[in-house]
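Spelled out from the first residue to the last, the chains are:
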Amino acid sequence: MLFRASIRLSAILAAALAARADPAASAWDALRRLDLRQAAAQAQATDDSPRSLLFRALVLANRQPKTDGDARAAIALCERTILSAPPRERAAAGYLKGRILQWHLQPNPLTEAVRVFEETHRRDPGEPFGELALLQSCVIRYASEPDPARLGDAIAADLPRIDTLRLEAVRRNALRAAGEALLSSGGDRRRALDLFERALAGGFESDEAQGDLLLRVAVLSSEFGRGTRAREAFLDFAGAFPRDARARWARDRAASER
Amino acid sequence: MKRGPLVATVILLAFYGASIVLVAMRGRESSGDSSSRPIPVLRFAHWNLESGVREAFDEVARNYERACAARGQPVRVHQIAIPRRVYWSWAKSQLIGGTAPEIMLSMNATDDQMTAAYFRPLTDVIAEANPYNRGTSLEGIAWRNTFGDGMAISGFNFVLGRHYSIPFATFTTRVFVNLDLLGDLLQDPRFAPIAPLLDERGLPSRWDAFLALCHALPPGARFHGTPLLPLAGSDDQAQFLLSHAFESQTQRYLFEVAPFPDGRPNSQHLMVRLLQGDWHFDSAPVRSGAALMREVGRALPPGFLQLKQDDAIFQFTSGRAVMMVIGTWNAPSIETQIGGRFRVAAFRMPLPGTDHPRFGSGVLGPFSESDAVPSGFLGVVSLHPREAQDRAIDFLRFLTSVPVNIAFSDRTGWLPAVSGPGVEPPARLRSYLPVVDGYPRGLSLSLNDTDFRRLMQVNLHLLFSREDGVDRFIEAQQNGARATAITALRRVNRDQQNGFRTGDVGVLVGGLLGDADHVIKGASLDHAVFQEQRLIERLVRLRRLGLEPGE
């Protein structure tokens, strides 16, 4: 009995010791805290598993001083991960590769980033990072397209894919991005209003986004003679954000809607 | 008993004993053993050298030490007060050298890269209730919602998309008036026409009264043989006074030039339009704003652009100026300097109304002071072990709990940061309370940008130089605008990209180690996607203009 108890106690204590000293856990924690010096020091010790490759890619891409060489080395690690990783890590690697192209390399190769995001979504459409990749592809393509007609076509072609998105946050942001791009490019404002209404149906977690969308809907509804909806949206805004500097203006606008 | 199991048991017991020793040693190394190690020290640095503030912070620190000792977790709190003019260079050297205190004023508004690298994001922490609010009217409410703006702006870094600091006080800007001097002036027949224009409290808080008082005391005016100024002033006073005047004239215009007519300005959007040649400074509302700035600025002391705030405070506290526009964070120091020699009241800076014959057409209505959000901005330095960071957060919770923050407010003369039902600021500070019900301020002449603010400061003397000051000022603004816009856009674009890169680390680490669905549904995605879309639009437009390298 004493023997068994000793074995059990020893096992528990050994596990406690191992947990305290787990270098991988503390390396990820350092990375999460953006303590890149500590994360970089511990990156040397990690293995070649997909997660370790991704860890090293994140450290390389973000460590100071930033160089294009580090960014390209990080992309190479993402490509190695994509070849052998399970879906979650594979999608994350594709997403990270696209983001490094988008925001780390100068001048930002946006066309190449779109290609990588599209590949990532095609390969792992159901994965969270696969869905994020589609969102980024939409945002870049919409924001880069100056021609309202071509933009309208691109949005029409994307909508069936956007409708299949599982994550509500990704879906609503894709719809909002499409509406915003239509406004910026001088495109179809009525269509923008419909896209904003669809985006708003799910509700935004960010107060700023929710408030801005309500005012988009209110102003555009007023523009197209949908007075009841305009009044409702203006009042929703003023009610939800009474401390916003635009609350009184929104109440005035609501009162002037017929 | 056989010998084999006995030997094995002895070996295992030896391993057991050794493990206990090792675990205990490691535990002491990493998490500390309160019985054997020294009492931990928590240091916080700030630049608030105003009268009474250090004493109030000391009081909070001692009370916190007592609270910690009472629960068996003693801590020593040290306050480090650094003069404002050297604070940022001191802070940067401390952070880069790895010797920074646990809490310091964050660089939220000044340096996004330093903020991301050295300060702990607090967005998750502020979603939890402040335990020190137990038994108060804010018990159980998320920490962020105990502040007036729900921390929609307070402590939030719009580039990085996260919160990096906790506010501890609220400030507004008010016109302070020397009541005794005003009373004396009104006894004089020359100032009699002003009396009917005063409000029910006898204060010049309406535009006509304010301007009449300013004009009744032209430069060089003497009263009972003493030189007297209507407004004490310096460069700092001018910034507020002139920007308020300008923005009253561009309130309606803001809805025209915003990317969408919803009253939310977008400075970078205007800068790109300026570079594309489809927006410029020479417009009727901008001219009207400059004209009003010129009119108001003439009430300031001669040479005000060369004067510093201390000069203005001296003019007012020595009884040589009737009024002074100043932030309420200075009120305790001003009160101390006056030392009861005369009575002072405070009111909001008046502006022309919609019915003003010359300056009313661009006005929408009185400004909302919703931008007077809780501030102070103490951040938690991420260089320290997690335990020390958590202790720093606990101190900030204590400082911003209802009873402690109200006591701090009473001691400093600063409005509290916390607000809500059942939270009463000290009665003597009521005139400082922000008036939220109002309209957005108009387009800012500085486009809310540091480079354009510098351009305005460089050109401002032209506005007051000659009769054609408005023309000369606007021409100079327009001439400098292109180069300024290019510099400003490059800076903002670079900072935003840095923010997105660091934001990605959090999303990818969180998504790989935890529940990716949960990580992706956060409010920061809503914020980041919109900002990224705007940035890509800008980059593409700047590429078309040949101002950014192509792919």
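Computed from a predicted model, the values in this text were never measured in an experiment. Numbering of residues starts from 1 in each chain and follows the order in which that chain's sequence is written. Just so you know, chain letters begin at A and ligand numbers begin at 1, following the order they were written in. Owing to the predicted nature of the model, reporting of local features is limited to residues with pLDDT of at least 70; listing and counting of side-chain atom pairs is limited to 80 or more, with chain, interface and lining totals taken over all residues. Side-chain numbers here rest on the full set of heavy atoms in the structure, without hydrogens or water.

Here's the deal with the confidence of the model for chain A
Next, step 1: For chain A, per-residue confidence averages 90 on the pLDDT scale, and residues scoring 70 or more make up 90% of the total.
Next, step 2: Residue-level confidence of the predictor is summarised by pLDDT, bounded by 0 at the bottom and 100 at the top. The contact definition used throughout considers only heavy atoms, calling two residues in contact when any of these lie within 4.5 Å. Predicted confidence for residues 5-21 of chain A stays below pLDDT 50, and this span has 21 contacts to residues more than four positions away or in other chains.

Topic: unusual backbone geometry
Next, step 1: Cis geometry marks the peptide bond from A:Gln64 to A:Pro65; its omega dihedral reads -10°.
Next, step 2: Per the convention used, a helix needs a DSSP run of H or I reaching at least four residues, while a strand needs a run of E reaching at least two, with both numbered from the N terminus. By the secondary structure assignment, A:Pro65 is in the loop between α4 (50-62) and α5 (68-84).
Next, step 3: With omega at -5°, the peptide bond leading from A:Gln106 into A:Pro107 counts as cis.
Next, step 4: Unusually for a residue other than glycine, B:Leu447 sits at a positive phi of about 50°.
Next, step 5: Along the chain, B:Leu447 turns up in the loop between β14 (415-416) and α15 (450-463).
Next, step 6: Notably, B:Asn448 is not glycine yet its phi reads approximately 55°, a positive angle.
Next, step 7: Residue placement: B:Asn448 occurs in the loop between β14 and α15.
Next, step 8: Throughout, exposure labels follow a simple rule: accessible area from a 1.4 Å probe, protein chains only, divided by the maximum for the residue type, with under 20% read as buried, over 50% as exposed, and the rest as partly exposed. Given a relative accessible area of 54%, B:Asn448 falls into the exposed group.

Quick notes on the pattern of salt bridges
Next, step 1: Any carboxyl oxygen of Asp or Glu that lies within 4 Å of a side-chain nitrogen of Lys or Arg is treated as forming a salt bridge with it. Scanning the entire structure with this criterion turns up 66 salt bridges over all chains.
Next, step 2: For A:Arg229, the salt bridge identified is with A:Glu232, shortest N-O distance 2.5 Å. With A:Arg229 and A:Glu232 both in helix α13 (residues 227-240), this residue pair falls three residues apart, about one helical turn.
Next, step 3: In this structure, a network of salt bridges that share partners links the residues A:Glu180, A:Glu208, A:Asp212, A:Arg216, A:Asp244, A:Arg246, B:Asp262, B:Arg264, B:Arg534 and B:Glu537.

Topic: the nonpolar core
A general tendency of soluble globular proteins is for nonpolar side chains to be buried together.
Next, step 1: Only buried residues count toward a nonpolar core. Its members are Ala, Val, Leu, Ile, Met, Phe, Trp, Tyr and Cys residues joined through side-chain atoms within 4.5 Å. A:Leu31, B:Met104, B:Val322 and B:Met323 are the most contacted members of the largest nonpolar core, which totals 232 residues.
Next, step 2: Take this core: its biggest share by element is 13 residues, from helix α16 (residues 469-513) of chain B.
Next, step 3: Leave out the neighbours within four places in its chain, and A:Leu31 touches A:Leu36, A:Ala39, A:Phe55, A:Leu58, A:Val59, B:Val505 and B:Val509.

Notes on the interface of chain B and chain A
Next, step 1: Counting from both sides, the interface comprises 78 residues of chain B and, opposite them, 82 residues of chain A.
Next, step 2: Defined here as a combined quantity, buried area equals the accessible surface (1.4 Å probe) lost by two parts on assembly, summed across both. Roughly 7,300 Å² of surface becomes buried between chain B and chain A when both sides are summed, with 60% attributable to carbon and sulfur atoms.
Next, step 3: On inspection of chain B and its partner chain A, the count reaches eleven salt bridges.
Next, step 4: In this structure, B:Asp526 and A:Arg172 form a salt bridge, with 3.0 Å as the shortest nitrogen-oxygen distance.
Next, step 5: Throughout this description, a polar contact denotes any pair of N or O atoms lying within 3.5 Å of each other; where both atoms belong to protein, one of them has to be capable of donating a hydrogen while the other can accept it, and for residues adjacent in sequence the pair is counted only when both atoms sit in side chains. Run the count over chain B and chain A and you get 32 residue pairs in polar contact (both at pLDDT 80 or more).
Next, step 6: Secondary structure elements with two or more residues in the side of chain B that touches chain A: α1 (3-30), α4 (112-118), α13 (386-399), α16, α17 (516-520) and α18 (523-544) of chain B.
Next, step 7: No other element matches α18(B), which puts 17 residues into the side of chain B that touches chain A.
Next, step 8: The nonpolar class holds Ala, Val, Leu, Ile, Met, Phe, Trp, Tyr, Cys and Pro. Asp, Glu, Lys and Arg form the charged class, and all remaining residues, Gly among them, are polar. When the residues that make up the side of chain B that touches chain A are grouped by side-chain class, the tally is 39 nonpolar, 21 polar and 18 charged.

A closer look at the side chain of B:Thr250
Next, step 1: Residue placement: B:Thr250 occurs in the loop between α7 (235-249) and α8 (251-257).
Next, step 2: Other than its neighbours up to four places away in sequence, B:Thr250 contacts B:Pro285, B:Gly362, B:Gly442 and B:Leu443.

Remarks on the sheet that holds strand β7 (residues 173-178) of chain B
Residue and element names in this part refer to chain B.
Next, step 1: In this scheme, strands are said to pair when DSSP sees at least two bridges between them. Read from one edge to the other, the open sheet built from four strands follows the order β10-β11-β7-β12, with strand pairing classed as mixed. Two strands in the sheet have a free side with no partner beyond their single neighbour: β10 (229-232) and β12 (344-347). Along the sheet, successive strands turn relative to each other by an average axial angle of 25°, direction set aside.
Next, step 2: Pairing geometry for β10 and strand β11 (residues 321-327), over three bridges, is parallel. Note that in β11 the partner of Leu231 across the bridge is Met323.
Next, step 3: To get an axis, fit a line to the C-alpha atoms, keeping to the stretch in contact for a helix; angles then go from 0 to 180 degrees between the N-to-C directions. Against the sheet, helix α5 (residues 179-187) engages β7, β11 and β12, with an angle of about 55° to β7.

Digging into the sheet that holds strand β3 (residues 103-105) of chain B
Within a sheet, neighbouring strands are paired by backbone hydrogen bonds and run either parallel or antiparallel to one another.
Residue and element names in this part refer to chain B.
Next, step 1: Spatially, four strands are ordered β2-β1-β3-β13 in an open sheet, and the strand pairing comes out mixed. Each edge of the open sheet is held by one strand with a lone partner, namely β2 (76-81) and β13 (378-380). Taking each pair of neighbouring strands and ignoring which way they run, the sheet shows an average axis angle of 20°.
Next, step 2: As paired elements, strand β1 (residues 41-46) and β3 share two bridges and run parallel to each other. Across the sheet, Ala45 pairs through a bridge with Met104, a residue of β3.
Next, step 3: Of the strands in this sheet, β1, β2 and β3 touch helix α3 (residues 84-96), which is tilted by about 145° from β3.
Next, step 4: Relative to the sheet, α13 contacts β1, β2, β3 and β13, its axis offset from that of β13 by approximately 155°.

Some words on helix α14 (residues 247-256) of chain A
Next, step 1: Of all the positions in α14(A), only A:Ala247, A:Trp249, A:Ala250 and A:Ala254 are classed as buried. Along the axis of α14(A), the buried positions cluster into a sector of 155°, meaning they face one direction only.
Next, step 2: On its buried side, α14(A) packs onto α12 (207-223) and α13 of chain A together with α8 of chain B. Working definition: the arc comes from the directions between the helix axis and the C-beta atoms, pointing outward to the latter.

A few points about helix α7 (residues 110-123) of chain A
Next, step 1: Across its 14 residues, α7(A) extends 20 Å between first and last C-alpha, which sits within 8% of the 20 Å expected from 1.5 Å per residue.
Next, step 2: Among the residues of α7(A), A:Leu110, A:Ala113, A:Val114, A:Val116, A:Phe117, A:Glu118, A:Thr120 and A:His121 are the ones counted as buried.
Next, step 3: Of the surrounding elements, those touching the buried residues of α7(A) are α6 (87-104), α8 (128-144) and α9 (148-163) of chain A together with α18 of chain B. Multiplying 1.5 Å by the helix residue count minus one yields the expected span of that helix.

Topic: the packing of aromatic side chains
Describing an aromatic ring pair means giving the distance of the ring centres and the angle of the ring planes.
Next, step 1: In this scheme Phe, Tyr and Trp rings, the latter by its six-membered ring, pair at centre separations within 6.5 Å, and the angle between planes marks the pair as stacked below 30 degrees, edge-to-face above 60, and tilted otherwise. As enumerated under the stated definition, the model contains 30 aromatic pairs over all chains in all.
Next, step 2: A centroid spacing of 4.9 Å and a plane angle of 45° characterise the contact between B:Phe57 and B:Phe408, whose relative ring orientation is tilted. Of the two residues, B:Phe57 sits in helix α2 (residues 53-70) while B:Phe408 sits in helix α14 (residues 402-412), which places them 351 residues apart along the sequence. Here B:Phe57 matches B:Phe408 in class, with each residue buried.
Next, step 3: An aromatic cluster is present here, built from B:Phe44, B:Phe57, B:Tyr64, B:Tyr132, B:Phe168, B:Phe171, B:Trp329, B:Phe395, B:Phe398, B:Phe408 and B:Trp414 joined pairwise through their rings.
Next, step 4: Placement of a positive charge over a ring is assigned whenever Lys NZ or Arg CZ falls within 6 Å of the ring centre and within 35 degrees of the normal to the ring plane. Lying over the aromatic face of A:Phe204, A:Arg172 brings its terminal NZ or CZ to 5.1 Å of the ring centre.
Next, step 5: It is B:Arg84 that lies over the ring of B:Trp47; its NZ or CZ is 4.1 Å from the centre.

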